[in-house]
Amino acid sequence: MAGQHTRLPPLNALRAFWAVMRQGTFRSAADELLVTPQAISQQIKLLEDTLHVSLFERKARVIEPTEQAIILSHFVQAGFDEFTEGIRRVTNSTYRNRININVSPYFATRYLMERLERFRQLMPGADIRMTTMVNVRDFAADEVDVSIQWGFGNWKEYDVKLLVHDPKIICCSPELARQITSPNDLGRMNLLHPVMARGLWHKVLEHLGLPSLEMAGEIEFQDAATMRRGTISGIGVGLVSRLDALADIEAGILVAPLGIDVLDTMDKKDVPGFYLVVPKAHKRVKIISAFCDWITTEQW
């Protein structure tokens, strides 16, 4: 009914529950919180009584979280992350004009660096700290405010906004290109891809009408730049970002054996891109909100 509020359980009970979910046992949770296993058990019982649900199935010395516990754990984690972030920001005055950004290395060098001064002009005195890591960081543990990641936008627990697509061109060395006259010939080649894009070749082959084509071999690289160098060296066929591919094709060091436009009609959901990824709570901070507004209005 309108005006009624959900009764929240005691914070200590939620804290004990979250420790058990992370540690896997009551004893390990007790060691983390410096209490006895009995105290943990009492807090879990209190939480179950308050919520009127069973959170753990007890089997001899083993406990297994129920479906309700798994669902609850995601929200409890988000809540404690917000507590931590709020306390850090109100107790650290030097942090008010600082923004910690983790950026995909390719986006940083290809797009962001030459435009970052525009943001500085909007926010004079901004203290920008930038790291360039491929994977999404732990926002709380690594003190990251905002992340710009390559992928397909599958970060459901965060606010996610596409900044720009990263269309690919099938490329290889001129020597390998002489052996490729049709999409079927790709099955005889080493197919190169970054470690973050294990499924991208499958999407490409499906687009080419070859969903069941057997691959002779695959080689993974830590990042797109290294994969591009591997493609140029002739060890296989790579999916090279369009901006780089066009420059390398013009320079004569790469060839698009199936044409530069063969992937242009791929379904947009199968085309990777660079995404702004940020926890919802972070956007309440002025400098982070300003950065998000700026980067999403830039014409990348």
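Residues numbered from 1 in each chain as written. Predicted model: local features only at pLDDT ≥ 70, side-chain atom pairs only at ≥ 80, totals over all residues. Heavy atoms only, no water.

### Looking at the overall build of the chain
Helix and strand counts for the chain come out as 11 helices and 11 strands. Whereas a compact globule of 300 residues would reach a radius of gyration of roughly 19 Å, the chain reaches 25 Å, over 25% beyond that. Principal-axis analysis of the C-alpha atoms gives the chain an extent of 70 × 55 × 40 Å. Counting all 300 residues of the chain, 42% fall into the buried class. (Helix = DSSP H or I, 4+ residues; strand = E, 2+ residues; numbered from the N terminus. Rg over C-alpha atoms; globule rule 2.2 N^0.38 Å. Buried < 20%, exposed > 50% of the residue type's maximum accessible area, 1.4 Å probe, protein only.)

### Digging into helix 11 (residues 286–297)
Along its 12 residues, helix 11 runs 17 Å from first to last C-alpha, staying within 8% of the 16 Å computed at 1.5 Å per residue. Among the residues of helix 11, those classed as buried are Ile 287, Ile 288, Phe 291, Cys 292, Trp 294 and Ile 295. Mapping the buried residues of helix 11 onto a view down its axis gives an arc of 170°, with all of them on the same face. Opposite the buried face of helix 11, at more than 90 degrees from it, the exposed residues are Lys 286 and Thr 297. (Expected span 1.5 Å × (residues − 1). Arc of directions from axis to C-beta.)

### Structural notes on a nonpolar patch on the surface
Together, Leu 11, Phe 83 and Ile 87 make up a nonpolar patch on the protein surface, roughly 310 Å² of accessible area in all. For Phe 83, a relative accessible area of 46% translates into the label partly exposed. (Patch = residues over 30% accessible without salt bridge, like charges linked within 9 Å, V, L, I, M, F, W, Y side chains within 5 Å. Areas by Shrake-Rupley, 256 points an atom, 1.4 Å probe, with all protein chains shown as cover. Salt bridge = Lys/Arg side-chain N within 4 Å of Asp/Glu carboxyl O.)

### Structural notes on the nonpolar core
Among the nonpolar cores identified, the biggest contains 49 residues, and Phe 107, Ile 148, Ile 170 and Phe 291 are the most heavily contacted of them. The dominant element in this core, judged by the number of residues it contributes, is helix 11, at 6 residues. In this structure, Phe 107 is in contact with Leu 112, Ile 148, Leu 163, Val 164, Phe 274 and Trp 300, ignoring residues within four places of it in sequence. By size, the runner-up hydrophobic cluster in this structure holds 20 residues, among which are Ala 16, Phe 26, Ala 29 and Leu 47. (Core = buried A, V, L, I, M, F, W, Y, C linked by side-chain atoms within 4.5 Å. Contact = heavy atoms within 4.5 Å.)

### Considerations on the sheet that holds strand 8 (residues 190–194)
The 4 strands are arranged 7-10-8-9 in an open sheet whose pairing can be described as mixed. At either end of the open sheet lies a strand with only one pairing partner, and these are strand 7 (168–171) and strand 9 (217–221). Strand-to-strand twist of the sheet, defined as the mean angle between neighbouring strand axes without regard to direction, takes the value 30°. In this structure, strand 7 lies alongside strand 10 (residues 237–241), joined through 4 bridges in antiparallel fashion. Bridged to Ile 169 within strand 10 is Val 240. Of the strands in this sheet, strand 7, strand 8 and strand 10 touch helix 8 (residues 200–207), which is tilted by about 95° from strand 10. (Pairing = 2+ DSSP bridges. Axes fitted to C-alpha atoms, helices over the stretch in contact; angles between N-to-C directions.)

### Some words on the side chain of Glu 298
You can see Glu 298 is positioned in the segment after helix 11. On the accessibility criterion, Glu 298 (13% relative accessible area) is buried. Reaching out from Glu 298, the side chain makes a polar contact with the side chain of Arg 115 at a distance of 3.0 Å. Residues within four places of Glu 298 in sequence aside, it is in contact with Arg 115 and Arg 118. (Polar contact = N/O pair within 3.5 Å; in protein donor to acceptor, adjacent residues only side chain to side chain.)

### Some points on the UniProt feature "domain: HTH lysR-type" (unreviewed entry) in the chain
In this numbering, the UniProt entry assigns the feature "domain: HTH lysR-type" (unreviewed entry) to residues 9–66. The annotated region residues 9–66 carries 62% helix and 14% strand content, and the separation between its end C-alpha atoms amounts to 18 Å. (UniProt positions renumbered as here; feature names shortened; annotations may be inferred.)

### Quick word on the pairing of strand 2 (residues 62–65)
As defined by bridge partners, strand 1 (residues 56–59) adjoins strand 2 across 4 bridges and the pair is classed as antiparallel. Bridging from a neighbouring strand, Arg 58 pairs with Ile 63 of strand 2. Counting the residues that bridge the hairpin from strand 1 to strand 2 gives 2 residues, and of these Ala 60 lies at a positive phi of roughly 55°.

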